[in-house]
Amino acid sequence: MAGMNMQQMMKQARKMQEQLAAAEDNLKTQTVDTSAGGGMVKVTMTGDMKIESIKIDPNACDPEDVEMLQDMIMAAVNEAIRSVGELANKQMGAITGGLNIPGMPF
């Protein structure tokens, strides 16, 4: 009887592993779009945390205030990272049922 439970657990673990791998592949195809500075800096990032594009409104390029532009870029990138984390948590959490699995970033 205990052998059957262990077999079922292993089968479920394999199924969950396959679902997690599929979800990770799916994340790679999704993007998040974020902005900072009232839309003056826009960042598009993939679900696997690769920046696809950064768009800067020409009005954001004040040579007298380069720090503000740097801050807007940093804010937009950080928001993209946060959004990808939420996306991953949502997708992976649906598979794991909210279990905290060591080594998993969600």
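This text goes with the structure placed above it.
Criteria and cut-off values
- Residues numbered from 1 in each chain as written.
- Predicted model: local features only at pLDDT ≥ 70, side-chain atom pairs only at ≥ 80, totals over all residues.
- Heavy atoms only, no water.
- Patch = residues over 30% accessible without salt bridge, like charges linked within 9 Å, V, L, I, M, F, W, Y side chains within 5 Å.
- Areas by Shrake-Rupley, 256 points an atom, 1.4 Å probe, with all protein chains shown as cover.
- Salt bridge = Lys/Arg side-chain N within 4 Å of Asp/Glu carboxyl O.
- Lys, Arg positive; Asp, Glu negative; His and termini not counted.
- Charge placed at Lys NZ, Arg CZ, Asp CG, Glu CD.
- Helix = DSSP H or I, 4+ residues; strand = E, 2+ residues; numbered from the N terminus.
- Pairing = 2+ DSSP bridges.
- Axes fitted to C-alpha atoms, helices over the stretch in contact; angles between N-to-C directions.
- Buried < 20%, exposed > 50% of the residue type's maximum accessible area, 1.4 Å probe, protein only.

Draft legend 1. Quick look at a negative patch on the surface. A cluster of acidic residues, Asp62, Glu64, Asp65, Glu67 and Asp71, forms a negative patch at the surface. Tracing the backbone through its elements, the reader meets aspartate 62 in the loop between strand E3 (51-56) and helix H2 (66-96).

Draft legend 2. The arrangement of the sheet that holds strand E1 (residues 31-36) in detail. Strand order across the open sheet formed by three strands is E1-E2-E3, with antiparallel pairing between neighbours. Every other strand in the sheet has two partners, leaving E1 and E3 as the edge strands with one partner each. Averaged over neighbouring strand pairs, the angle between their axes works out to 15 degrees when direction is ignored. In terms of strand pairing, strand E2 (residues 41-46) meets E3 through five bridges, oriented antiparallel. Following the sheet pairing, methionine 45 is matched in E3 by isoleucine 51.

Draft legend 3. The arrangement of unusual backbone geometry in detail. The backbone of methionine 49 shows a phi angle near 65 degrees, a positive value even though the residue is not glycine. Mapped onto the secondary structure, methionine 49 falls in the loop between E2 and E3.

Draft legend 4. Structural view of the pattern of salt bridges. Following the criterion strictly, the structure yields four salt bridges and no others. Here aspartate 25 ties to lysine 28 by a salt bridge, and the two come within 3.9 Å at their closest N and O atoms. Of the two residues, aspartate 25 and lysine 28 both sit in helix H1 (residues 2-29), three residues apart, roughly one turn of that helix. A relative accessible area of 48% places lysine 28 in the partly exposed class. Ionic pairing is found between arginine 82 and glutamate 79, a salt bridge with its closest N-O pair at 2.3 Å. Taken together, the residues arginine 82 and glutamate 79, both in helix H2 and three residues apart, mark about one turn of the helix.

No statement about biological role is implied by the geometric values presented.
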